[in-house]
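Coordinate inspection notes
Chain residues, written in single-letter form:
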Amino acid sequence: MTIEVRPASVFEDVRALVGPKSPGANVCWCLSHRIPSRIDNELRGPARGEYVAELCRTGTPIGVLAYDGDEPVGWAAVAPRADTSFARNRRIPHVDDLPVWSLWCIRVRPGHRKKGISHALITGAVEFARTRGAPVVEAYPLDNGDARVDPTMAYAGIRRNFERAGFTLAADTTSVLSGHPRVLMRLDLR
């Protein structure tokens, strides 16, 4: 299996990874950290997918997709922190004033897990940010030690996966997800 990571620009492929099973559902699309909560709460059903389709059409950096051949098998959300809710998040500190990029969601399709796809997604997201001038990439993964994490809540990533990719601990946070503390990890690209 050869995994290729590409910018997330094909809407149908993005939908395969982050779109809900029911088109009328008011969940996911990886929008909760991308847009202000007021807008996120106003977008209902198909309007959520239409919003993401417009982002894909305009070339707005929304993330990367991992492909096994032509099949999309993984997703990573990465964008300038200034364009996300992490710019205003009180639970996740700002280490400095650099225009960092945030990497906040990693998803691998069922049936494709445990094949190194999340590692390829982290590497691909970093490269995507690097080619767009990011001086630093931040992530906010779970610090779960050896404890098991519910796959549904593992979207934030796992600390050890980011450490393997060269990220280092930059700060503790007051954010907790699924009972696990989240930490701020950084990779300096300068």
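Further up the page is the structure itself.
Residues numbered from 1 in each chain as written. Predicted model: local features only at pLDDT ≥ 70, side-chain atom pairs only at ≥ 80, totals over all residues. Heavy atoms only, no water.

1. With respect to the pairing of strand β5 (residues 136-139)
Going residue by residue along β5, you find Val136 and Glu138 tucked away on one face and Val137 and Ala139 tucked away on the opposite face as well. Both strand β4 (residues 101-108) and β5 contribute to a ladder of three bridges, which runs parallel. Bridge pairing in β5 places Ser102 opposite Glu138. In the classification by handedness, the crossover that spans β4, the intervening helix α4 (residues 117-131) and the parallel β5 is right-handed. One ladder, built from four bridges, connects β5 with strand β7 (residues 180-188); its direction is antiparallel. What sits directly across from Val136, in β7, is Asp188. (Buried < 20%, exposed > 50% of the residue type's maximum accessible area, 1.4 Å probe, protein only. Helix = DSSP H or I, 4+ residues; strand = E, 2+ residues; numbered from the N terminus. Pairing = 2+ DSSP bridges. Right-handed = clockwise from strand over helix to strand, strands pointing away.)

2. Topic: the sheet that holds strand β6 (residues 168-177)
Taking strand neighbours across the sheet as the criterion, the seven strands line up as β1-β2-β3-β4-β5-β7-β6 in an open arrangement whose pairing is mixed. Edge strands, defined here as strands with exactly one partner in the open sheet, are β1 (3-7) and β6. On average, each strand axis in the sheet is inclined to that of its neighbour by 25 degrees, with strand direction left out of account. Two elements, β6 and β7, share six bridges in a ladder whose sense is antiparallel. Residue pairing in the sheet places Val176 in a bridge with Pro181 of β7. Lying on the sheet, α4 is in contact with β1, β2 (63-68), β3 (71-80), β4, β5 and β7; it crosses β4 at an angle near 150 degrees. (Axes fitted to C-alpha atoms, helices over the stretch in contact; angles between N-to-C directions. Contact = heavy atoms within 4.5 Å.)

3. Side note on the environment of Arg109
Along the polypeptide, Arg109 turns up in the loop between β4 and α4. Between the alpha carbons of Arg109 and Val18 there is a distance of 9.6 Å; along the sequence they are 91 residues apart. Excluding anything up to four places from it in sequence, Arg109 contacts Ala16, Leu17, Glu71, Pro72 and Val73.

4. A closer look at the nonpolar core
Core analysis: the largest hydrophobic core is formed by 27 residues, its most contacted members being Val14, Val52, Ile62, Trp75 and Trp104. Elements with a minimum of two residues in this core: α1 (11-18), α3 (46-58), β2, β3 and β4. In contact with Trp104, not counting residues within four places along its chain, are Cys30, His33, Arg34, Ala77, Val78, Ala79, Thr84, Phe86, Tyr140, Tyr155 and Ala156. The next biggest cluster of nonpolar side chains, apart from the first, holds 25 residues, and it includes Ala66, Phe162, Phe167 and Val183. (Core = buried A, V, L, I, M, F, W, Y, C linked by side-chain atoms within 4.5 Å.)

5. Structural notes on the side chain of Ser85
For Ser85, the position within the fold is in the loop between β3 and β4. Overall, Ser85 belongs to the buried group, its relative accessible area being 15%.

6. As for the pattern of salt bridges
For the structure shown, the criterion picks out 13 salt bridges. Here Asp96 and Arg186 are joined by a salt bridge, their closest N and O atoms 2.9 Å apart. Within this pair, whereas Asp96 is found in the loop between β3 and β4, its partner Arg186 is found in strand β7, the two being separated by 90 residues in sequence. What makes Asp96 partly exposed here is its relative accessible area of 26%. (Salt bridge = Lys/Arg side-chain N within 4 Å of Asp/Glu carboxyl O.)

7. Thoughts on a positive patch on the surface
Taken together, Lys114, Arg148, Arg160 and Arg164 make up a surface patch of like positive charges. Counting through the fold element by element, Arg164 comes out in helix α5 (residues 159-164). (Patch = residues over 30% accessible without salt bridge, like charges linked within 9 Å, V, L, I, M, F, W, Y side chains within 5 Å. Areas by Shrake-Rupley, 256 points an atom, 1.4 Å probe, with all protein chains shown as cover. Lys, Arg positive; Asp, Glu negative; His and termini not counted. Charge placed at Lys NZ, Arg CZ, Asp CG, Glu CD.)

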